[in-house]
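Per-entry structural report
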Amino acid sequence: MEGTAMPRAMTVAGSDSGGGAGIQADLKVMTAHSVYGTSVLTAVTSQNTMGVDAVQILDAELVRKQFRAVYEDIGADVIKTGMLGNSAIVHTVSELLKEYRIEKTVIDPVMVATTGARLLEHDAIKAFIDELLPLAYVLTPNMEEARLLVAESRGKQVDDTTAVRTLDEMVELAEALRRLGPTYVLLKGGHLPLDASHGVAATKESRETVCDLLVGPDRLQHRIFSKWSPSRNTHGTGCTLASAIACQLALGADVVGGVDKAVEYVHGAISTAGDLGKGSGPLNHMYRLSALPCAPGKFVDYLIAHPKVAPAWHAYTHHPFVEQLAAGTLPRKAFEHFLRQDYLYLVQYSRLVGLAAYKAERLDDIVGSARIILHIREELSLHVGYCKEFGISEEELAGGEESVACTVYTRYIESIGNTRDWMSLQVALAACLIGYGEIGKRLVEHPLTRKESPYYRWISNYAEQDYTQAVETGRAIIEQHAPRQSPHRLEEFVEIFRKVTEYEGLFWTSAMEAAAAAEADPASPPGKSSLVS
């Protein structure tokens, strides 16, 4: 099957006449991911958003013929299964997976519809456990499906098993399920909403997050926390997630990365769903056909993770300057140089945020820029305090000379502001604001960060609530306007963000080089560096 230009995924599942789940949802997901989707129909249902009122399971031999017809001609990089209906079809699908030696499978154990209708006959559960689970590369049960499978494997009723109430119990359940044969188990946590501290939410009002748990070989435990959504439009969420994972695998992603992207896709499909029908409405599977290449509200994360940006972002946020800062081993001269230059940089940065306010058309965006400037003012006052501790007066800071690294960086942003539009300027300003917030949060939470270090107070400033709010304001401004941009503009933003991210890394490097130069030549003036881009 090598040499095929287009990734291919096959869904073996039932039909949903309402289009929200089953093969209809699967094929929409595959189209949205630019994966060629094929289907093997196992059952026809009569259903809508209110419920299922009829199910007709197809003959297992017809399922076999569909599978052979598609696989032997078009092929598939990944097979995703959903509703299988009865033991004959479970047995048939298991035989076909073994016959064609198919390794990449995503098995969604569809047993009961959200409305309570049974979609897998009870006597088929044993066949599902004995024959299909050992062939599962990724198994994607929700909490109740997982409990049912584990209980049945032990000869017990599901009501005799303890309901999952903690994240540790989620791990126990997922690992118990993985011992039945799957290589990976993604235990979906939508039925267990959590509060802000990741404990089980005691009230509806305290529901803030959900956790999807991926377990796998080598003691893998990967937790994916997402914002809890009260939306009624969740019909077909399981089918959609399993299909999205299949698409990611077909596109070449590893399991952890593929699951992360699939979960993000599903939350985007929920958040953009329209209120169709009178019951549990369907997701918006096709929201990615808009210009935005990610879920709404995730454009900044998309920029950071973009292949053109990610290496520079890691070099910036994990720069030796940053790591030595956390360890308390950064040379004093390097930090002094940084403080001098960062003061000058922040003055220029304030001017540029003011330029963004001038270019803005909406009052809310102008106010957002003003809030960021006010925070910078507070940040500058802290700089002055730090510098006094290091024997540097405010007059020295204000009268200092910009390093080449500082000048090149700020003048690049200024050129964006003078020659491009408001949105381009916002993207150019984002790397500094968001990166320092990420660094501050990571270092404050890291157990090896030395809290007795003279640098810790500076570090912790970027994890404080006021800075976090400034970051949220900056992110919100970009996220609100990103969906209205054209695909060509989005590529321009990637390039701008890449460049300013590289300049951020060079700013750290400049400080370390200046410290090294000062050590080699104690007579050299403070606060200068010869670093150029």
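Starting from 1, residues in each chain are numbered consecutively following that chain's sequence as written. Local features in a predicted model are, by the rule used here, given only for residues with pLDDT of at least 70; side-chain atom pairs are given and counted only at 80 or more, and totals for whole chains, interfaces and linings are based on all residues. Calculation of side-chain values draws on the structure's entire complement of heavy atoms; hydrogens and water are dropped beforehand.

Looking now at the overall build of the protein chain. Scanning the protein chain from N- to C-terminus turns up 19 helices and nine strands. The C-alpha extent of the protein chain, read off along each of the three principal axes, is 85 × 50 × 45 Å. Throughout this description, buried means an accessible area under 20% of the type-specific maximum (1.4 Å probe, protein chains only), exposed means over 50%, and partly exposed covers the range between. With 533 residues in all, the protein chain has 53% of them scored as buried. The contact criterion used is simple: two residues touch if any of their non-hydrogen atoms lie within 4.5 Å. Of all intrachain contacts in the protein chain linking residues separated by at least 6 positions in sequence, the fraction that spans at least 24 positions is 74%. Only DSSP runs of H or I reaching four residues or more are called helices, and only runs of E reaching two or more are called strands; each is numbered from the N terminus.

Before going further, it helps to examine the pattern of salt bridges. What counts as a salt bridge is simple: a side-chain nitrogen of Lys or Arg found within 4 Å of a carboxyl oxygen of Asp or Glu. In the structure shown here, the tally under the stated rule is 26 salt bridges. With a closest N to O distance of 3.6 Å, Asp364 and Arg362 form a salt bridge. Judged by relative accessible area, which is 53%, Asp364 ranks as exposed. For Arg362, a relative accessible area of 28% puts it in the partly exposed group. Among the salt bridges present, the one from Arg498 reaches Glu502, with a minimum N-O distance of 2.7 Å. With Arg498 and Glu502 both in helix α19 (residues 487-520) and four residues apart, the pair spans about one turn of that helix.

Another point: the pairing of strand β4 (residues 78-81). Looking along a regular strand, one sees the side chains alternate between the two faces of the sheet. Here β4 shows a buried face lined by Val78 and Lys80 and a second buried face lined by Ile79 and Thr81. Direction of pairing for strand β1 (residues 8-16) relative to β4: parallel, over a ladder of four bridges. For Thr11, the partnering residue across the bridge sits in β4 and is Lys80. The pairing of β4 with strand β5 (residues 105-107) spans three bridges and is parallel. Looking across to β5, one finds that Thr81 is bridged to Ile107. Convention used here: a crossover is right-handed provided that the path from the first strand, over the helix, to the second strand proceeds clockwise when the strands point away from the viewer. In this region the chain leaves β4, passes through helix α3 (residues 87-99) and returns to the parallel neighbour β5; the handedness of that crossover is right-handed. Here the rule is simple: two strands pair whenever DSSP picks up at least two bridges between them.

What follows covers the side chain of Thr105. Take Thr105: it is sitting in strand β5. Distance and chemistry together define a polar contact, namely a pair of N or O atoms within 3.5 Å, with one atom able to donate a hydrogen and the other to accept it when in protein, and with adjacent residues in sequence counting only for side-chain atoms on both sides. Of the polar contacts made by the side chain of Thr105, one reaches the backbone oxygen of Leu135; its length is 2.8 Å. Discounting chain neighbours no more than four positions away, the residues touching Thr105 are Ile79, Leu97, Leu135, Ala136, Tyr137 and Val138.

The span one expects for a helix is its residue count, reduced by one, times 1.5 Å. Compared with the 22 Å implied by 1.5 Å per residue over 16 residues, the 22 Å span of helix α15 (residues 404-419) between its first and last C-alpha is a close match. Taken together, the buried positions of α15 are occupied by Ala405, Cys406, Tyr409, Thr410, Tyr412, Ile413, Ile416 and Gly417. Along α15, the residues classed as buried sweep out an arc of 145° about the axis, all on the same side. Those residues of α15 that are exposed and aimed more than 90 degrees away from the buried face are Asn418 and Thr419. The inward-facing, buried residues of α15 contact α12 (332-359), α16 (422-445) and α19. Working definition: the arc comes from the directions between the helix axis and the C-beta atoms, pointing outward to the latter.

Turning to the nonpolar core, a few remarks are in order. Soluble, globular proteins show a tendency: their nonpolar side chains are buried together. In terms of nonpolar packing, the biggest core is built from 77 residues, with Phe299, Phe335, Phe338, Trp458 and Phe497 touching the most fellow members. Once residues lying within four places of it in the same chain are set aside, the contact partners of Phe335 are Phe321, Leu325, Leu330, Phe390, Tyr455 and Trp458. Counting residues in each nonpolar core, the second largest holds 50 residues, with Met10, Ile89, Met143 and Val215 among its members. Throughout, nonpolar core names a set of buried Ala, Val, Leu, Ile, Met, Phe, Trp, Tyr and Cys residues whose side chains join them through atoms within 4.5 Å.

Let us now look at the side chain of Ser243. Tracing the chain through its elements places Ser243 in helix α7 (residues 237-250). Within polar-contact distance, the side chain of Ser243 engages the side chain of Asp26 at 2.4 Å. The residues touching Ser243, leaving out its near neighbours within four places in the chain, are Asp26, Val29 and Lys80.

Strand order in the open sheet made by the nine strands is β3-β2-β1-β4-β5-β6-β7-β8-β9, with mixed pairing throughout. Only two strands of the sheet have a single partner each, and these edge strands are β3 (51-57) and β9 (220-227).

Note on aromatic pairs: the rings of Phe, Tyr and Trp (six-membered ring only in Trp) are paired at centre separations within 6.5 Å, and the planes decide the class, stacked below 30 degrees, edge-to-face beyond 60, tilted for the rest. This structure, assessed with the given rule, holds 26 aromatic pairs. Ring centres 5.5 Å apart and planes at 20° place the aromatic pair Tyr436 and Trp508 in the stacked group. Here the residue Tyr436 occupies a position in helix α16, and Trp508 occupies one in helix α19, the gap between them amounting to 72 residues. Like Tyr436, the residue Trp508 is buried in the burial classification.

All right, on to a nonpolar patch on the surface then. Residues with no salt bridge and a relative accessible area higher than 30% make up the patches, which join like charges within 9 Å and nonpolar side chains (Val, Leu, Ile, Met, Phe, Trp, Tyr) within 5 Å. Using a 1.4 Å probe, accessible areas were evaluated by the Shrake-Rupley method; residue-level cover was limited to the displayed protein chains. Together, Met6, Tyr36 and Ile74 line one region of the surface with nonpolar side chains, adding up to about 260 Å² of accessible area. Checked against the element boundaries, Tyr36 lands in strand β2 (residues 36-48). When its relative accessible area of 39% is taken as the criterion, Tyr36 is described as partly exposed.

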